Amino acid sequence: MLLEFDSDQRLWQDTVRQVLARHCPAALIRDIADRGADAGPLWKVYRDQGWTSLTDPGDTVELTIVLEELGRATDPTPYLATMTHYAPLTGEPDPATAATAVFDGISAHHDGATWILNGTAQVLDGDRAERVAVATPAGVFVLPADRVAARRITVFDPLLHVAQVTLEQVRVDAGDRLDRDVRHAREVALTGLAATMVGACQRVLDLVVEHVGVRRQFGKPIGAFQAVAHKAADMHVAVQRARALTYWAALTVSAGDPRRHLAAVMAKAAAGECQAVVFRHGLQLFGAMGYTWENDVQFAMKRAKAGELLLGGADEHRATIAREYRAAELR
């Protein structure tokens, strides 16, 4: 598999970056965080650009490019949940409305001609989704948002929507049950989260490099000091490693490679390890300025840290990798 972008993919990356620079600048992110500005017009821009049509497995690399750039911009819309949680679980070709998925915590009981759903889960964008795909051991059920109870939870990322979603004796017609590959959908979700975290970490690194190039001590930029340069280099290596694994995961999903589950888990683990390095060194290199609300580096750091907590952290995924390799050795 080739791990370098071809000319079309580089053009696609540049196009996405230009759209976000125009429509999702840092000033908009600050306005949403400070004053609760509406992200709806930005979501419409994504739809108008055709970004919600990237649902075919063959488009996974292009989708991952979009998600990395959205992570870099600290995207405030429900794009991540719609495209990497809901769409792979339902097979919907162009989800034009905000949607999300519940992967765990919901049970399904068959009662004659209907299924009864019960359970509670914390769900990305559960409070603003118009449709919710619910994965259960019995199959997948797609519900309008008014069939579930959703309450937004306050999290440290002010731009991220996480909700507690509750289904209590929700009846669904037996004909509405979908037989979908939940494992594959989770692979896409893990890859999407990894890409978002890589983009956020890259944004932190960009801001750090800019800062250490202009912040001066003893008559020279602090970036000229070896200790500072080493920390920036560690951040760069961590980002590059996580990015390589993320795009490998995207390639395996796109090609239907049997290694795609392991690749997705490795990508999420590497992204989790990356954010830990970038968060620690980024704050240290910014000094006290990194802790202030006025510094935009906080938004990227919080997005990367939140990604680590969604769908399992690096420790959990490393344990999965170890189990799979051990099982392969015993076969």
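To keep things clear, this report deals only with the structure shown in the data block. (Residues numbered from 1 in each chain as written. Predicted model: local features only at pLDDT ≥ 70, side-chain atom pairs only at ≥ 80, totals over all residues. Heavy atoms only, no water.)

As for the overall build of the chain
No. 1: The secondary structure content of the chain amounts to 10 helices and 10 strands.
No. 2: Projected onto the principal axes, the alpha-carbon positions of the chain cover approximately 80 × 55 × 35 Å.
No. 3: When burial is assessed residue by residue, the chain has 51% of its 331 residues classed as buried.
No. 4: Here the contacts in the chain between residues at least 6 apart in sequence split such that 74% fall between residues at least 24 apart.
No. 5: With the model as given, the accessible surface of the chain reaches about 15,200 Å², and the carbon-plus-sulfur share is 53%.
No. 6: Counting 36 positive and 41 negative side-chain charges, the chain places the averaged centre of each group 6 Å from the other. (Helix = DSSP H or I, 4+ residues; strand = E, 2+ residues; numbered from the N terminus. Buried < 20%, exposed > 50% of the residue type's maximum accessible area, 1.4 Å probe, protein only. Contact = heavy atoms within 4.5 Å. Areas by Shrake-Rupley, 256 points an atom, 1.4 Å probe, with all protein chains shown as cover. Lys, Arg positive; Asp, Glu negative; His and termini not counted. Charge placed at Lys NZ, Arg CZ, Asp CG, Glu CD.)

A few points about the sheet that holds strand β7 (residues 162-173)
No. 1: Spatially, four strands are ordered β2-β3-β7-β6 in an open sheet, and the strand pairing comes out antiparallel. Edge positions in the sheet fall to β2 (106-111) and β6 (149-153), since each has one partner strand and no second. Strand-to-strand, the axes of this sheet are offset by a mean angle of 5°, without reference to chain direction.
No. 2: As paired elements, β6 and β7 share five bridges and run antiparallel to each other. (Pairing = 2+ DSSP bridges. Axes fitted to C-alpha atoms, helices over the stretch in contact; angles between N-to-C directions.)

Remarks on the sheet that holds strand β4 (residues 131-136)
No. 1: Taking strand neighbours across the sheet as the criterion, the four strands line up as β1-β4-β5-β8 in an open arrangement whose pairing is mixed. Strands with a single pairing partner mark the edges of an open sheet, and in this sheet they are β1 (99-102) and β8 (177-178).
No. 2: Across six bridges, β4 lies against strand β5 (residues 139-144) in antiparallel orientation. Paired with threonine 136 across the strands is glycine 139, a residue of β5.
No. 3: Of the strands in this sheet, β1, β4, β5 and β8 touch helix α5 (residues 79-90), which is tilted by about 65° from β1.

A few points about the packing of helix α4 (residues 60-73) against helix α7 (residues 226-255)
Two measures define how a pair of helices packs: the angle their axes make with one another and the distance between the axes.
No. 1: Look at α4 against α7: their axes get within 8 Å of each other, and the N-to-C directions meet at 145°. Along the contact surface, α4 presents Thr60, Val61, Thr64, Ile65 and Glu68, while α7 presents Arg243, Thr246, Tyr247, Ala250, Leu251, Val253 and Ser254.

A closer look at the nonpolar core
No. 1: Formed by 33 residues in total, the largest nonpolar core has its most connected members in Val204, Val208, Met235, Cys274 and Val278.
No. 2: Elements with a contribution of two residues or more to this core: α6 (182-214), α7, α8 (260-286) and α9 (297-309).
No. 3: The next biggest cluster of nonpolar side chains, apart from the first, holds 32 residues, and it includes Trp51, Leu54, Val66 and Ala306. (Core = buried A, V, L, I, M, F, W, Y, C linked by side-chain atoms within 4.5 Å.)

Things to note about the packing of aromatic side chains
No. 1: Counted by the stated rule, this structure contains seven aromatic pairs.
No. 2: Consider the rings of tryptophan 43 and tyrosine 79, whose centres lie 6.4 Å apart with planes at 65°: the pair is edge-to-face. On the criterion of sequence distance, the pair formed by tryptophan 43 in helix α3 (residues 40-48) and tyrosine 79 in helix α5 is long-range, its members being 36 residues apart. Tyrosine 79 carries the same exposure label as tryptophan 43, and that label is buried.
No. 3: Their ring planes at 85° and their centres at 5.9 Å tell us that tyrosine 46 and tyrosine 79 sit as a pair that is edge-to-face. With tyrosine 46 in helix α3 and tyrosine 79 in helix α5, this pair connects stretches of sequence that are 33 residues apart. (Phe/Tyr/Trp six-rings, centres within 6.5 Å; stacked < 30°, edge-to-face > 60°.)

A short note on the environment of valine 165
No. 1: Structurally, valine 165 can be placed in strand β7.
No. 2: Note on valine 165: relative accessible area 1%, which makes it buried.
No. 3: Counting along the chain gives 46 residues from valine 165 to glycine 119, while the straight-line C-alpha distance between them is 8.3 Å.
No. 4: Setting aside residues up to four positions removed in sequence, valine 165 forms contacts with Gly119, Thr120, Ala121, Val123, Gly126, Val148, Ala149 and Ala150.

Comments concerning the packing of α4 against α6
No. 1: Taken N-terminus to C-terminus, the directions of α4 and α6 make an angle of 45°; their axes are 6 Å apart at the nearest point. When the axes of α4 and α6 are compared, the pair comes out oblique. Seen from above, α4 lies across α6 with right-handed handedness. Here Thr64, Leu67, Glu68, Gly71 and Arg72 of α4 come into contact with α6, specifically with Thr191, Gly192, Ala195, Thr196, Val198, Gly199, Ala200, Gln202, Arg203 and Asp206. (Parallel < 35°, antiparallel > 145°, perpendicular 65-115°, else oblique. Left-handed = near helix turned anticlockwise from the far one by under 90°.)

Let's talk about α4
No. 1: Relative to the 20 Å expected for 14 residues at 1.5 Å per residue, α4 spans 20 Å between its end C-alpha atoms, a close match to the ideal helical length.
No. 2: Most of α4 sits inside the fold, with 12 of its 14 residues counted as buried.
No. 3: For α4, the secondary structure elements touched by its buried residues are α1 (7-23), α2 (26-35), α3, α5, α6 and α7.
No. 4: Trailing α4 by a residue or two, threonine 74 shows a phi angle of about 55°, which is positive. (Expected span 1.5 Å × (residues − 1).)

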